[in-house]
Amino acid sequence: MKARYKYRIYPNHVQIQKLSQLFGCCRYVWNQSLAHCNQLYADGIKKPSYTDLTKQFITQAKRELLWLKEVASTPLQQSLKDLDQAYKNFFNSCTGKRKGIKVKPPKFKSRKSRQTARFVGVNYQINRDKIYLPKVGKIKIFWSRPLASQPTSVTIIRDSAHRYFASFVVETNAEFLPKTDNYIGIDLGISTFATLSNGEKYEAPKPLKQNLKKLAKFQRKLVKTQPGSKRRERRRLKVAKLHGKIKDMRTDFLHKLSTNLVRKYDTIVLEDLNVSGMVSYGMLRKRNPKLAKAISDLGWRQFRTLTEAKCEKYGREFRVINRWEPTSQKCSCCGFKGGKKELNVREWTCISCGTFHDRDVNAAVNILNTLTAQTVVMSREASLQPITKVKKAVELENPVQLSLFNEVAEGQRSIIYRTRSSRKTRRKKQASSNDVSTRPESFKQRASV
Ligand SMILES: [Zn+2]
């Protein structure tokens, strides 16, 4: 399993100069090759291979442009490798070979955004407090944690707030944590960041909201300056630094929460939220820009990515349930669907069984229950597409099927919660009325037990 280890580095003035030269050369090679590929595409000619591009834009270019020789050559080659990979991802996404979000074609790199250069192999050396890069020198590095093993590559990064980092790729082994026999469903929300199915709630810091006034002030000052002036650059840096701080606050919280959860629970179930769709395309921006901003401020997607990676690392199970599952509409006790609820309804009482619900806790329990129901169907049918089958059963809303579906879910749930006495007693109650549950009209009766 591959992992990234990122450390802050502190180059001196000379090294900063040399690094910016290196970034510039990598960017030049990338942009020239990309322009060449775009031109060929416009003429209807196939994209040249990585070897052809290297010959033309590194080997030949070095004869004419002497400044290309002043930097290490590995990062230049890696830059073209990245371009090749970017094209591959784009083509595979177009043909359907690559699943997920549609990949866009590679773009030109800008001098103003984040800069990177990658060294591989024996090109660089690391020691106790320095990292040696060819033609740059020994840069001071702060080892905030030990490296897991010998790294295969290092990427030198300069972010837009002018901070420098070294990001290593290392091969790590999964370290399995001891089993806890705990399962958890998590509902992500806006007012409360994460609500667990056992009732625990986690509030998120809202760094963007906290710093919005400051950010607006900085940005107002920025737009008043002359483009290209030194003052503008100074003010741009201030804005970028604040953005960096906001991002760090968010990431710190998400890391701590995901680690905590992965330590405590064997299986973690999340809802598959279409976050980017919610924020950018859909209704939210048009109808409610504040909500879109609030969602971006939380970092739901990042939370999922981090949790997923940590589950893999520590040998935990990570599951995602279908996004169309009516988790906030359904009563987690009897399965009765109470219809859509507005966002401001935080608590409600089930009209079928009379249970009082906290909206988020109920949704989290439903998320956990949906998973257990899906697993049961999976083992019964032994087919490869069980999830769609369950979804259909729910969509039909046929009382007979729904009651059967709930029975299956109920049975599985009781196995999971075998340690909890309250669930046990409810199971006993329901077992006594199971014999009539196949008749449609009895569904409500059963539910009201
Ligand atoms: Zn109910």
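Small disclaimer: the values here were computed from a predicted structure and weren't measured.

Procedures and definitions
Residues numbered from 1 in each chain as written. Predicted model: local features only at pLDDT ≥ 70, side-chain atom pairs only at ≥ 80, totals over all residues. Helix = DSSP H or I, 4+ residues; strand = E, 2+ residues; numbered from the N terminus. Buried ≥ 20, exposed ≤ 12 C-beta atoms within 10 Å, placed from the backbone. Contact = placed C-beta atoms within 7 Å. Pairing = 2+ DSSP bridges. Axes fitted to C-alpha atoms, helices over the stretch in contact; angles between N-to-C directions.

K.L.:
I keep staring at the overall build of the protein chain and nothing clicks. Help me out?
P.N.:
Within the protein chain, the regular secondary structure consists of 14 helices and 14 strands. Considering the protein chain as a whole, with its 449 residues, one finds that 26% of them fall into the buried category. Within the protein chain, residue pairs in contact and separated by at least 24 positions form 65% of the contacts whose partners lie at least 6 positions apart.

K.L.:
Would you mind showing me how to read the environment of I367 here?
P.N.:
Inspection of the secondary structure puts I367 in helix α10 (residues 359-381). In this structure I367 comes out as buried when scored by C-beta crowding, with 27 C-beta atoms within 10 Å. Once the C-alpha coordinates of I367 and S332 are considered, the two residues, 35 residues apart in sequence, prove to be 9.4 Å apart. Those residues in contact with I367, other than ones at most four positions away along the chain, are G185, I186, D187, S197, V269, E271, I321 and T327.

K.L.:
Just to check I follow, could you spell out the sheet that holds strand β8 (residues 183-188) for this structure?
P.N.:
Working definition: the strands of a sheet are paired by backbone hydrogen bonds and lie parallel or antiparallel to each other. Taken in spatial order, the five strands of this open sheet run β10-β9-β8-β11-β12, and their pairing is mixed. In this open sheet, the two edge strands, each paired with only one partner strand, are β10 (201-202) and β12 (317-321). The sheet contact formed by strand β9 (residues 194-196) and β10 spans two bridges and is antiparallel. Paired with T195 across the strands is K201, a residue of β10. Against the sheet, helix α9 (residues 300-313) touches β8, β11 (267-271) and β12, its axis set at about 145° to β12.

K.L.:
Looking at this structure, I do not really get the sheet that holds strand β5 (residues 137-141). What am I missing?
P.N.:
Pairing is antiparallel across the open sheet formed by seven strands, whose spatial order is β2-β6-β7-β1-β5-β4-β3. Looking at which strands have only one partner, the edges of the open sheet turn out to be β2 (115-120) and β3 (125-126). Across six bridges, strand β6 (residues 153-158) lies against strand β7 (residues 164-171) in antiparallel orientation. Counterpart to R158 in the pairing with β7 is Y164.

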